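Residues per chain, in single letters:
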Amino acid sequence: MDYSQFLAMKQEIGLLIAFLLVFFYDTFATPKGSRYVPAFACMVFGLFTICGFCPCIIDMGDAQAFAGMYTTTPVITAIKNILNVGTLIVMIQALSWAGSEQQVARRGEIYQMLMLTLFGMYLMISARHFLVFIIGLETASLPLAALVAFDKYRNESHEAAGKYILTACFSSAVLMFGLSLVYGIAGSLYYAEIAPAVAFEGTSVSLIVAIAFVIAGIGFKLSLVPFHLWTADVYQGAPTSVTSYLSVISKGSAAMAFLIVLTQVFGALYASAWEWMLYALIILTITVGNLFAIRQKNLKRFLAFSSISQAGYIMLGVIANNAMGTAALMYYILVYIFSNLAAFGVIAAIENHADGKVNMDDYNGLYKTNPRLALTMMLAMFSLAGIPPFAGFFSKFFIFTSAINQDSIAIYILVLIALINTIISLYYYLLVVKAMFINDSDNPINTFRSSCSERLGLWITVAGILALGVVSYFYDTLLTL
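This structure is a prediction, so every number in the text was calculated from the model and none was measured.

Student: What's the story with the packing of helix 16 (residues 371-385) against helix 19 (residues 452-470) in this structure? I'm lost.
Tutor: Packed helix pairs are specified by the crossing angle of their axes together with the interaxial distance, meaning the distance between the axes. It is at 10 Å that the axes of helix 16 and helix 19 come closest, and there the two elements cross at 40 degrees. One element, helix 16, and the other, helix 19, form an angle in the oblique class. Classified by chirality, the crossing of helix 19 by helix 16 is left-handed. Contacts between helix 16 and helix 19 involve Leu373, Thr376, Leu379, Ala380 and Ser383 on the former and, on the latter, Leu458, Val462 and Ile465. For the contact of helix 16 with helix 19, the residue count by class is six nonpolar, two polar and no charged.

Student: Teacher, can you tell me more about the environment of glycine 86 here?
Tutor: On the secondary structure map, glycine 86 appears in helix 3 (residues 74-93). Overall, the relative accessible area of 0% leaves glycine 86 in the buried class. Between the C-alpha atoms of glycine 86 and isoleucine 249, which are 163 residues apart in sequence, the distance is 6.5 Å. If we skip the residues at most four places from it in the chain, glycine 86 touches Ile249, Ile337 and Leu341.

Student: Honestly, the nonpolar core in this entry has me stumped. Any pointers?
Tutor: It is characteristic of soluble globular proteins that their nonpolar side chains tend to be buried jointly. Within the largest apolar cluster, 177 residues are counted, with the highest numbers of intra-cluster contacts made by Phe133, Phe266, Ile319, Tyr363 and Met381. Counting residues per element, this core draws most heavily on helix 14 (residues 323-353), at 19 residues. Beyond its immediate chain neighbours, meaning those up to four positions away, phenylalanine 266 contacts Val182, Val198, Leu207, Ile211, Val214, Val261 and Trp274.

Student: When you look at the side chain of serine 395 in this model, what are you seeing that I'm missing?
Tutor: Mapped onto the elements, serine 395 comes out in helix 17 (residues 391-404). Judged by its relative accessible area of 3%, serine 395 is buried. Apart from the residues lying within four places of it in its own chain, the contact partners of serine 395 are Tyr331, Tyr332 and Val335.

Student: Help me out: how do you make sense of empty space enclosed by the protein in this one?
Tutor: Any empty space left between atoms is shown by rolling a water-sized probe over those atoms. All chains considered together, the criterion is met by four cavities of 30 Å³ or more. What the largest cavity holds in volume is close to 160 Å³. Those elements that place two or more of their residues in the lining of the largest cavity are helix 5 (107-126), helix 6 (130-148), helix 7 (155-186), helix 9 (205-222) and helix 11 (240-265). When the residues that make up the lining of the largest cavity are grouped by side-chain class, the tally is eleven nonpolar, five polar and one charged. Considered as a void within the structure, the second largest cavity measures approximately 50 Å³ in volume. Lining the second largest cavity are Gln310, Tyr332, Val335, Tyr336, Ser339, Ser383, Leu384, Gly392, Ser395 and Lys396. Breaking the lining of the second largest cavity down by element, the ones donating at least two residues are helix 14, helix 16 and helix 17. No other element matches helix 14, which puts four residues into the lining of the second largest cavity. Counted by class, the lining of the second largest cavity contains four nonpolar, five polar and one charged residues.

Student: So what exactly am I meant to see when it comes to the packing of aromatic side chains here?
Tutor: Two aromatic rings are characterised by how far apart their centres lie and by the angle between their planes. With the rule as written, the count across this model stands at 25 aromatic pairs. With a centroid separation of 6.1 Å and 20 degrees between ring planes, the pair formed by phenylalanine 19 and phenylalanine 23 is classed as stacked. Taken together, the residues phenylalanine 19 and phenylalanine 23, both in helix 1 (residues 10-28) and four residues apart, mark about one turn of the helix. Considering the side-chain rings of tyrosine 164 and tryptophan 230, the 5.6 Å spacing of their centres and the 70 degrees angle between planes classify their relative orientation as edge-to-face. Residue tyrosine 164 is found in helix 7, and its partner tryptophan 230 is found in the loop between helix 9 and helix 10 (231-237); the two are separated by 66 residues along the sequence. You can call tryptophan 230 buried: its relative accessible area is 8%.

Student: Quick question: what am I supposed to make of helix 5 here?
Tutor: Each full turn of the α-helix corresponds to 3.6 residues, which orients residues three or four apart in the same direction. Its 20 residues give helix 5 an end-to-end C-alpha distance of 30 Å, which sits within 8% of 28 Å, the value for a rise of 1.5 Å per residue. Burial analysis of helix 5 places 18 of its 20 residues in the buried class, which makes it a mostly covered element.

Student: Looking at this structure, how should I read the environment of isoleucine 249?
Tutor: Its location among the elements puts isoleucine 249 in helix 11. In this structure the C-alpha to C-alpha distance between isoleucine 249 and methionine 121, which are 128 residues apart in sequence, comes to 8.9 Å. For isoleucine 249, the contacting residues outside a window of four places in its chain are Leu83, Gly86, Thr87, Leu118, Met121 and Ile337.

Student: Even after reading the chapter, I still don't get the state of the cysteines, so can you show me in this structure?
Tutor: By definition, a disulfide links the sulfur atoms of two cysteine residues through a covalent bond. Per the stated rule, a full pass over the model turns up zero disulfides. Cysteine 42 carries a free sulfur, and the closest cysteine sulfur to it, the one in cysteine 452, is 13 Å from it. On the accessibility criterion, cysteine 42 (10% relative accessible area) is buried.

Student: For this particular structure, what's the right way to read helix 1?
Tutor: Along its 19 residues, helix 1 runs 27 Å from first to last C-alpha, staying within 8% of the 27 Å computed at 1.5 Å per residue. Those residues of helix 1 that sit buried are Gln11, Glu12, Gly14, Leu15, Ala18, Phe19 and Val22. Projected down its long axis, helix 1 shows its buried positions confined to an angular sector of 165 degrees, all on one face. Contacts from the buried residues of helix 1 go to helix 2 (37-52), strand 2 (70-72), helix 3 and helix 5.

Student: Which parts of the structure should I look at to understand the pattern of salt bridges?
Tutor: Any two side chains of opposite charge can pair if their charged atoms end up close together. Following the criterion strictly, the structure yields five salt bridges and no others. Between lysine 80 and glutamate 12 there is a salt bridge; the shortest N-O distance is 2.5 Å. Taken as a pair, lysine 80 in helix 3 and glutamate 12 in helix 1 lie far apart in primary sequence, 68 residues in all. Comparing lysine 80 with glutamate 12 shows no difference in burial state: the two are buried. The salt bridge partner of lysine 163 is aspartate 233, with a shortest N-O separation of 2.7 Å. Remark: aspartate 233 occurs in helix 10 and lysine 163 occurs in helix 7; sequence separation between them is 70 residues. One continuous salt-bridge network, built from bridges that share partners, spans Glu159, Lys163, Asp233 and Arg301.

Conventions we followed
Residues numbered from 1 in each chain as written. Predicted model: local features only at pLDDT ≥ 70, side-chain atom pairs only at ≥ 80, totals over all residues. Heavy atoms only, no water. Axes fitted to C-alpha atoms, helices over the stretch in contact; angles between N-to-C directions. Helix = DSSP H or I, 4+ residues; strand = E, 2+ residues; numbered from the N terminus. Parallel < 35°, antiparallel > 145°, perpendicular 65-115°, else oblique. Left-handed = near helix turned anticlockwise from the far one by under 90°. Contact = heavy atoms within 4.5 Å. Nonpolar A, V, L, I, M, F, W, Y, C, P; charged D, E, K, R; others polar. Buried < 20%, exposed > 50% of the residue type's maximum accessible area, 1.4 Å probe, protein only. Core = buried A, V, L, I, M, F, W, Y, C linked by side-chain atoms within 4.5 Å. 1 Å grid on protein atoms, 1.4 Å probe; cavity = no way out; pocket = protein on both sides within 12 Å on 5 of 7 lines; lining within 4 Å. Points joined across faces, edges and corners; volume = space filled by probe spheres on them. Phe/Tyr/Trp six-rings, centres within 6.5 Å; stacked < 30°, edge-to-face > 60°. Expected span 1.5 Å × (residues − 1). Disulfide = S-S within 2.5 Å. Arc of directions from axis to C-beta. Salt bridge = Lys/Arg side-chain N within 4 Å of Asp/Glu carboxyl O.

Next comes the structure, spelled out in structure tokens:
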């Protein structure tokens, strides 16, 4: 065996080194030293994230390993770096929760499992063989189930974990059934070998069924309608830091893996098969997510249905099926990371300091008692709604532009429906702003000072929302990869 091929997996190896450093520190630290495990984990992962942007350390070129089962390209390296940035923000925002008395004996496990699930997402994105893809998928899913159940003294957390693991098992079974049909048709699990077999097979019934099952299996991970029923309950029951990770990092990696599978494996059947399947899923996902978000009073459930709707917009980058669509998808994920984590950062800060208040009515008059948190939440809502000049406006603009680049009547209708839904989303995002700035409360949230880690996480997200809205360099860089 040629061990030099492991050099192609520099990001995976770097992540494993970071994981092992945190693991050994957590294992052998003294009782006094164990208090600094979360800070040490953030420091180590922060250095790893910075190294990912250094061309002298991480080669941005193409490379393969294990007979083509694993591959890396500049686009894959970039999306992994984007996921690293989001994970680092989650880690910083989780410092207060991880350092609480309830988590004192398990504070290191939180960060270790975050790194393990990120490693699985790396494999999903770099896989060019469905065996590696499945290994990555399960490596990403199992630690997440444990993180969802991390608040062991809360029944909601146990219920959420049960629903998540059952849904994950069911979705994996659906995906595996679809892959068994693909293997029966192509006789291989390599992406490169399946593609010509699919083109030769054409639109046979067995192949259409196989594609439908593959889309359904990955659709569960993305919370696409009608595979979304687990999302709101899991988001509500999981610890807020875990919910934020589920809503952005897990969704972003699944979206990129979905794009790669559909274009590289089933690309020959784009117009005749999966394009029309995605049309239906996108319309249902955006519309149902928006309509149900209007009805929510719990902010974590509210953001759950918001994330369902956002998944529909992300899929517009997949339906574009071009280089501009890939760049727009990556840019959308980057913007979504900053916007959604800003909202969850405010929710986590208030939950930690105001006895777990997470209902929208609890935020009435928040601007009068905690103006900085209210402003941060307002910026997050404006960005998620796509209001200029914030980053969310440009992410939606680029994703719509990439979709209509196909110049067909069907795609124009699809984008029109998405634009109408953007107006609906503007209404329910403004409900949160109205509660904070206009509604009065007899029992408002008391004035408090957030912890240093919470403030740092919020400053980073606000800077991202503002910078990505005025600096075109980020999108231009992604487009030229």
